Amino acid sequence: MPTSSEETDDILEPASPQAVHIAEQALLGALLFEPTLIAEVDLEAEHFDNRTHGVLFAAMRTVSLPDPERHRENADWVAAVYAKARPQAPGLPHTYPHTLARACPRPDHAAAYAWMIRAGHTRRTLRVHADQLGRTAADTTLPHRAEATVAQAERLGDLLDQLAGQFAPHPGSLPRTPLPPDTVAEATEEAVDDERLLLATATGSPQTVTTMRWLTASDFTSALHGSLWRCITALVHRGAPVDTVTVLWEVEQAGLLTGTVTTRTLLELLSDTHGVPEHWGEKILHRSLLHRAGMVADHIIAVTDDPATTPYQLITGSRRALAHFTSVHTRYQRATTPTPPPSSPAARSRSTPPSIRAGPVPAATMRPRRAGVAR
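Residues numbered from 1 in each chain as written. Predicted model: local features only at pLDDT ≥ 70, side-chain atom pairs only at ≥ 80, totals over all residues. Heavy atoms only, no water.

A.B. asks: Now, about the pattern of salt bridges: what can you tell me, with residues and values included?
C.D. replies: Under the counting rule described, the total for this entry stands at 13 salt bridges. Arg-72 is paired through a salt bridge with Glu-69; the nearest N and O atoms lie 3.1 Å apart. Taken together, the residues span about one helical turn, with Arg-72 and Glu-69 both in helix α4 (residues 68-73) at a distance of 3 residues. Classification of Arg-72 as exposed rests on a relative accessible area of 60%. Note that Glu-190 and Lys-283 form a salt bridge whose closest N and O atoms lie 3.2 Å from each other. Of this pair, Glu-190 sits in helix α9 (residues 189-204) while Lys-283 sits in helix α13 (residues 277-304), placing them 93 residues apart in sequence. Beyond isolated ion pairs, a larger network of salt bridges with shared partners links Glu-190, Asp-194, Lys-283 and Arg-287. (Salt bridge = Lys/Arg side-chain N within 4 Å of Asp/Glu carboxyl O. Helix = DSSP H or I, 4+ residues; strand = E, 2+ residues; numbered from the N terminus. Buried < 20%, exposed > 50% of the residue type's maximum accessible area, 1.4 Å probe, protein only.)

This is how it looks when you write it as structure tokens:
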């Protein structure tokens, strides 16, 4: 079993260190040579990937700067920095300042080393926020998962806004990292039931479809159900009659009838109406919102894990990924924001904050879950 000093050596001197680790050593070495450079370095201890390096940097900013002439003649200031950092880093070897000094090829390049450290911190911070977004969207224990997911996405967006001004744009600003393919949310029994009920109730109450432009075929877990929704909305938007027969005709014209998708199964599906379309549509969109958040997180993590991406590419790629979530969130807001009664002028002029419709539809319009056809 390795001793504590051996563990510290592995952390401070890894066998195959990343470039940012070398940059941290080089910067600290530069500051040991020229302590006055500290005033020109726009960094905080938290920007360092290696905790011990951050502790040393904080100590350098705490200990009074030495007289330049005396600093060239003795190592008193270096000893004071080591003594200040040692309580916070008990495993710090007394020879490590010499290691840092050897790691710095050019003290006058301290600004470049600091930029590399900030870039590394940006990469790690974006990854942490993206990982938190994905975990929030997948956390079924949260009482208000959609709201928590939206809040985390907004925090990620605020971070990107803050970072955007710190790194200059350059040609080829989009990352070239291969991204994970887009996926479809898992077609659970509940998801399939919700989609089937929406299709049936929308066929029975087509007048409501005109107010449900916030729902698209891409929100469905079943490609067939998405195509059926597209057929129903096409009829509604053309002003054509809508019932089980006209929808069946539209489905046939779209080439959706197959050996497993027959006229009988579709007629049975479209006739099984329970509840109201808006309720089922909101559940489908809620599921789509959470799934999209998970995909955004996966895309950002893939970009941040690619060391070939520049900080500006990280920001641009993350913003592009987050824009896909924003588009779904915008539709979700439209779906879940109560519409003021048209007869009330005061209600029309008042801005109503977005809210999630709580609770199920009335018991009289609900039906128990049961096995559906063509699932």
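A.B. asks: An account of α9 is needed here, citing residue identities and associated values.
C.D. replies: With 16 residues, α9 should cover 22 Å at 1.5 Å per step; its first-to-last C-alpha distance of 23 Å lies within 8% of that length. The buried fraction of α9 is high, at 13 of 16 residues. (Expected span 1.5 Å × (residues − 1).)

A.B. asks: I'd like to hear about the confidence of the model for the protein, residue by residue, with values.
C.D. replies: On average, residues of the protein carry a pLDDT of 88, and 87% of them reach 70 or more. In the model, residues 1-7 has pLDDT below 50 throughout and makes 1 contact with residues more than four positions away in sequence or in other chains. Low pLDDT, under 50, characterises residues 347-375; the stretch is placed with 52 contacts to residues that sit more than four places away or in other chains. (pLDDT = per-residue confidence, 0-100. Contact = heavy atoms within 4.5 Å.)

A.B. asks: Got a sec to walk through the side chain of His-47? Specific residues and values, please.
C.D. replies: You can see His-47 is positioned in the loop between α2 (19-33) and α3 (51-62). Residue classification places His-47 among the buried positions, given a relative accessible area of 7%. Ignoring any residue separated from it by four or fewer positions in sequence, one finds His-47 in contact with Ile-117, Arg-118, His-121 and Arg-124.

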